[in-house]
Amino acid sequence: MDKFSENYETYMNSKPDISKVSELEFYKEGYSIMLKAYEANMQVAYCDSKNYANIVDVSQSDFFKFITTITKNGVTSSTYSIRADLIIKFLEPEIRPLEYNTTMAVCDSTVGLVITKLLSDYPSLKEYETCSSKICQESSERKLIYLTYQIDFENSISNLQQFINDRTARIHDRNCFPPCFGNKNVTLNLSHMHLFIDVLIWEGENIISTQRSSETANLLKVKLCDIPLLLIHGTTKYELRGAVCFHRGKSGLRTSIGHYTAYVKRSSGRQWELFDDMKKKPVPVKDTTTIMCEFLVYTV
């Protein structure tokens, strides 16, 4: 058992010292479970990739500092209060007092929103726009914390590399806004650290449409062995670290109360492990296992 697995098992079996942690106790089906699933992917990336670990070590992100601390030192009494502080700082939850001197924090805890809040300075892609008109000189920058890959039955997960190629192609012919008649040059730069990819799958007529809400999209049912292990952009190679899966509640929406799990791929061959808040330790799984995938995580 490696250091990460040992720390995770300690994490799942440990009980917080109430006298030392924040009074905040978080709704179990919400942020806490989702964050543990996401943390599992990030900790594995940190353990299995020296390149990623070196970048994370020098970052100023509060979330990355949290990841490095629990990966290197394991869980301590401060782990829970630090997580509570992250929730309060970045998600600005509604605080509801409960009985027995406890408090519940209520907030939107979808994985897309949490990644956006926690890693706003570390997007998967940056889009730069500049106008060709010397009169206009308008420029802008847009950050995409994660990419959205919309697929149907004909456009499968195997085409993910082509999606990356198309998404990062340089566009020259976008018109500027009146009264300017110049052309906007759009340059897209992928992160040198990681790619977070939200996978949406549609069925029926008008399969891919901007008029549809992402919350109603189906979850991708895919075998682990069918997910591309490597994505390449220029000289940068992104390795698959894992998938975040959401088990939906009764409403069937992505924002419904449900349960998050993580399937992580270790660097040694095709070894996969399931990280589930309902289990005490990581569970080895075969790469032929079929999952309901919501997010994919790739890092250098």
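Residues numbered from 1 in each chain as written. Predicted model: local features only at pLDDT ≥ 70, side-chain atom pairs only at ≥ 80, totals over all residues. Heavy atoms only, no water.

(A) How the structure looks around the overall build of the protein chain. Helices and strands together make up the secondary structure of the protein chain, namely 7 helices and 15 strands. In the protein chain, which comprises 300 residues, the proportion classed as buried is 48%. Split by element, the accessible area of the protein chain, about 15300 Å² in all, is 50% carbon and sulfur. (Helix = DSSP H or I, 4+ residues; strand = E, 2+ residues; numbered from the N terminus. Buried < 20%, exposed > 50% of the residue type's maximum accessible area, 1.4 Å probe, protein only. Areas by Shrake-Rupley, 256 points an atom, 1.4 Å probe, with all protein chains shown as cover.)

(B) Expanded view of the pairing of strand β11 (residues 236-247). In this structure, strand β10 (residues 230-233) lies alongside β11, joined through 4 bridges in antiparallel fashion. Bridge assignment links Ile232 to a residue of β11, and that residue is Lys237. Here β10 folds back onto β11 in antiparallel fashion, the turn holding 2 residues, of which Gly234 has a positive phi close to 65°. Here β11 runs beside strand β12 (residues 259-265); their pairing, made up of 6 bridges, is antiparallel. Across the sheet, Ala243 pairs through a bridge with Tyr263, a residue of β12. (Pairing = 2+ DSSP bridges.)

(C) Highlighting the state of the cysteines. Under the definition given, this model contains 0 disulfides. Summary of cysteine pairing: Cys245 is not part of a disulfide, and the nearest cysteine sulfur, belonging to Cys293, is at 5.7 Å. (Disulfide = S-S within 2.5 Å.)

(D) Quick look at the nonpolar core. Grouped together as the largest cluster of nonpolar side chains are 69 residues, with contacts concentrated most on Leu119, Ile197, Leu296 and Tyr298. Looking at which element gives the most residues to this core, the answer is helix α2 (residues 31-48), with 7 residues. (Core = buried A, V, L, I, M, F, W, Y, C linked by side-chain atoms within 4.5 Å.)

(E) Seen up close, the pattern of salt bridges. Throughout the structure, instances matching the rule amount to 9 salt bridges. Among the salt bridges present, the one from Arg83 reaches Glu39, with a minimum N-O distance of 3.0 Å. In this pair, Arg83 is assigned in helix α5 (residues 78-91) and Glu39 in helix α2, connecting sequence segments 44 residues apart. The class of Glu39 is buried, set by a relative accessible area of 0%. Here Lys89 and Asp62 are joined by a salt bridge, their closest N and O atoms 2.4 Å apart. Highlighted residues: Lys89 in helix α5 and Asp62 in helix α4 (residues 62-73), separated in sequence by 27 residues. (Salt bridge = Lys/Arg side-chain N within 4 Å of Asp/Glu carboxyl O.)

(F) Spotlight on the environment of Asp62. The partly exposed category is assigned to Asp62, whose relative accessible area is 29%. C-alpha separation for the pair Asp62 and Leu119, spaced 57 residues apart in sequence, amounts to 9.1 Å. Those residues in contact with Asp62, other than ones at most four positions away along the chain, are Leu86, Lys89 and Phe90. (Contact = heavy atoms within 4.5 Å.)

(G) Structural detail: helix α7 (residues 160-167). Those residues of α7 not exposed but buried are Leu160, Phe163 and Ile164. The arc that holds every buried residue of α7, seen down its axis, measures 100°, which confines them to one face. Each element contacted by the buried residues of α7 is listed here: β5 (147-151), β7 (183-190), β8 (194-201), β10 and β15 (290-299). (Arc of directions from axis to C-beta.)

(H) Structural view of unusual backbone geometry. Even without a glycine there, the phi angle at Tyr100 is positive, about 60°. By the secondary structure assignment, Tyr100 is in the loop between β1 (94-97) and β2 (103-106). We note that Asn101 has phi near 60°; this positive angle belongs to a residue other than glycine. On the secondary structure map, Asn101 appears in the loop between β1 and β2.

(I) The packing of aromatic side chains, seen in detail. For the structure on display, the rule yields 8 aromatic pairs. Ring geometry for Phe64 and Tyr122: centres 5.3 Å apart, planes at 75°, overall edge-to-face. Within this pair, whereas Phe64 is found in helix α4, its partner Tyr122 is found in the loop between α6 (111-118) and β3 (125-131), the two being separated by 58 residues in sequence. Comparing Phe64 with Tyr122, the two get one shared label, buried. Through a chain of ring-to-ring contacts, the aromatic side chains of Tyr38, Tyr52, Phe63, Phe64, Tyr122 and Phe196 assemble into a single cluster. (Phe/Tyr/Trp six-rings, centres within 6.5 Å; stacked < 30°, edge-to-face > 60°.)

(J) Broad picture of a nonpolar patch on the surface. Taken together, the side chains of Leu229, Leu230 and Ile232 define a hydrophobic patch exposed on the protein surface, amounting to about 220 Å² of accessible area. If you trace the backbone, Leu229 turns up in the loop between β9 (220-223) and β10. (Patch = residues over 30% accessible without salt bridge, like charges linked within 9 Å, V, L, I, M, F, W, Y side chains within 5 Å.)

(K) Representation of the packing of helix α3 (residues 50-57) against α4 within the structure. It is at 9 Å that the axes of α3 and α4 come closest, and there the two elements cross at 120°. What the angle tells us is that α3 and α4 run oblique. Helix-helix and strand crossings are classified by hand; for α3 and α4 the assignment is left-handed. Across from Tyr52, Val56 and Asp57 in α3, the residues of α4 making contact are Phe64, Thr68 and Lys72. (Axes fitted to C-alpha atoms, helices over the stretch in contact; angles between N-to-C directions. Parallel < 35°, antiparallel > 145°, perpendicular 65-115°, else oblique. Left-handed = near helix turned anticlockwise from the far one by under 90°.)

Remember that the coordinates give geometry; whether it matters functionally is a separate question.
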